[in-house]
Structures are given as C-alpha cells and as structure tokens.
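Single-letter residue listing:
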Amino acid sequence: MKSSKVLNVILDYFLMTVGSVIFCMAWTSFLIPNGLASGGLTGLCTIIQYGTGIPVGLTYPIINVILLILGFLSLGKAFGFKTIYVIALTSLLFDLLPKFPQLEVMMDEKFLVALVGATLESIGIGLVLLRGGSTGGTDIIAMMINKYWPVSPGRVYLYTDIFIISSLLFVPDKGLVDLIYAFVVMLGFSFGIDFVLLGNKSS
C-alpha cells in the first residue's frame, strides 16, 4: 500500500474517532444530564434509561449487536470494518464518559441545550459519515427495510424517529414539553447534518 493511501486510512480513522467522541459527548455531556432525548437508536436508549434506569452504555451496544446480526443475515456483507469500528468505539464511549461527571454541562435553558446537543451530534455524525463510517442503529433498519419494501431511507428515519420520540410520553415524569424539546433536537440535527455533509449545497 502506498504511503498516501496509508495516510488517508489513518486520517479516516482519526476523524471517525474525533467524530465519535463529539457525537457521544453531545449526549453524555449535554442532552442526557439535562433530561433531553431525541430520535435514533441513541434516543431510544436514552428513553429506556429515563424509564428504567438501565444506562445507555449497556442498551446501546446490545441493540446495535442485534441489529448488526440481523443486518448481516439480511444484507450480507453490507457493513465495512469502519462501521463496526465506530459502533464498537461509541459503545465504549457511552459506557466510559458518564463515569466522568465533570464532563456534564448542566444548563437551565433547555432550548439552548437542545441546540448545542443537536449541533455537536450533527458535527460528530457528519465526520463519521464523511469518512465512510456509520453509527449503525436506524441506519441498519433503513437498509433492511429498503431492501424488501419500496420505502426510502429518509421516510424510515422519519417514521422511526417519530415513534421513538413519541414513546417519551410513556415515561414517568416526562410530558409534552419533553416531547417538543426532543423534536427540536431532531430538527436541529437534521439541518446540521445537511450542512456538514453538503455545505452550501443544502441551501
């Protein structure tokens, strides 16, 4: 392998690592400590934590492993090592970062928390996607559904996010206000990821 290719691979994994850290810190430093949620697998795991006390660091890797197995059975070798690396790293980070409470940022203004969390999440995921990786979760669900039914991935993301966020209403001490903030995070992430991936082309 030429040195330029080696450097490019190193850069890929470096940026995916940075992106994974930013993505996880968006949740463990801002959203979760302030009681906010959103869509996606991380949002689902966060809601499970709010409702049962089972930490994201436990449910996130378990559900992702199950989805990976289903994905391999359904799609074959559709997942590269980069995706497996990112899933393993983010699973480790979701378990490790909450052990450092000094990283938590408590804020009274939840709308600001939602915007900061969405911005950091979009930057983190954007870096991962730009280098050919994926955090798994609903990405795998979208790929499996799209293989067997003529439903676009975008619609799958939308429907699953609405379902996940709506489940907040079944969690004790959570209500309509929490639902609204979760949708703010989801919309902020949607616009943010478009900007990271497409830049001015999205405007």
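Residues numbered from 1 in each chain as written. Predicted model: local features only at pLDDT ≥ 70, side-chain atom pairs only at ≥ 80, totals over all residues. Heavy atoms only, no water.

Participant: Sorry if this is basic, but what is going on with the overall build of the protein chain here?
Facilitator: Of the regular secondary structure elements, the protein chain holds eight helices and zero strands. Taken from N to C terminus, the helices and strands of the protein chain fall in the order α-α-α-α-α-α-α-α. Against the compact-globule benchmark of 17 Å for 203 residues, the protein chain has a radius of gyration of 17 Å, which places it among compact chains. Taking all 203 residues of the protein chain together, 42% fall into the buried category. Here the analysis covers contacts within the protein chain between residues at least 6 apart in sequence; of these, 71% occur between residues at least 24 apart. With an accessible surface of roughly 10,700 Å², the protein chain has 72% of that area assigned to carbon and sulfur atoms. Of the charged side chains in the protein chain, 11 are positive and 11 negative, and the gap between their average positions amounts to 18 Å. (Helix = DSSP H or I, 4+ residues; strand = E, 2+ residues; numbered from the N terminus. Rg over C-alpha atoms; globule rule 2.2 N^0.38 Å. Buried < 20%, exposed > 50% of the residue type's maximum accessible area, 1.4 Å probe, protein only. Contact = heavy atoms within 4.5 Å. Areas by Shrake-Rupley, 256 points an atom, 1.4 Å probe, with all protein chains shown as cover. Lys, Arg positive; Asp, Glu negative; His and termini not counted. Charge placed at Lys NZ, Arg CZ, Asp CG, Glu CD.)

Participant: Help me understand the pattern of salt bridges in this model?
Facilitator: Pairs can form between side chains of opposite charge once their charged atoms are near each other. Evaluation of the coordinates by the stated rule reveals four salt bridges. Asp12 serves as the salt-bridge partner of Lys82, at 2.8 Å between the closest nitrogen and oxygen. In this pair, Lys82 is assigned in helix 4 (residues 81-96) and Asp12 in helix 1 (residues 3-31), connecting sequence segments 70 residues apart. Linking Asp178 and Lys174 is a salt bridge whose minimum nitrogen-to-oxygen distance equals 3.9 Å. In this pair, the class of Asp178 matches that of Lys174, namely buried. Linked by salt bridges that have partners in common, Asp12, Lys82 and Arg131 make up one network. (Salt bridge = Lys/Arg side-chain N within 4 Å of Asp/Glu carboxyl O.)

Participant: Is there a simple way to think about the nonpolar core in this case?
Facilitator: Across soluble globular proteins, nonpolar side chains have a tendency to be buried as a group. Judged by nonpolar contacts, the single largest core of 23 residues is most densely connected at Phe23, Tyr60 and Phe94. Put simply, the parts of the chain that give this core at least two residues each are helix 1, helix 2 (40-52), helix 3 (56-75), helix 4, helix 5 (110-130) and helix 8 (176-198). For this core, the element with the most residues is helix 1, which contributes five residues. Those residues in contact with Phe94 that lie beyond four places of it in its chain are Phe23, Cys24, Trp27, Thr28, Thr42, Val56, Gly57 and Tyr60. Membership of the second largest hydrophobic core comes to nine residues, among which are Ile47, Leu168, Ala182 and Met186. (Core = buried A, V, L, I, M, F, W, Y, C linked by side-chain atoms within 4.5 Å.)

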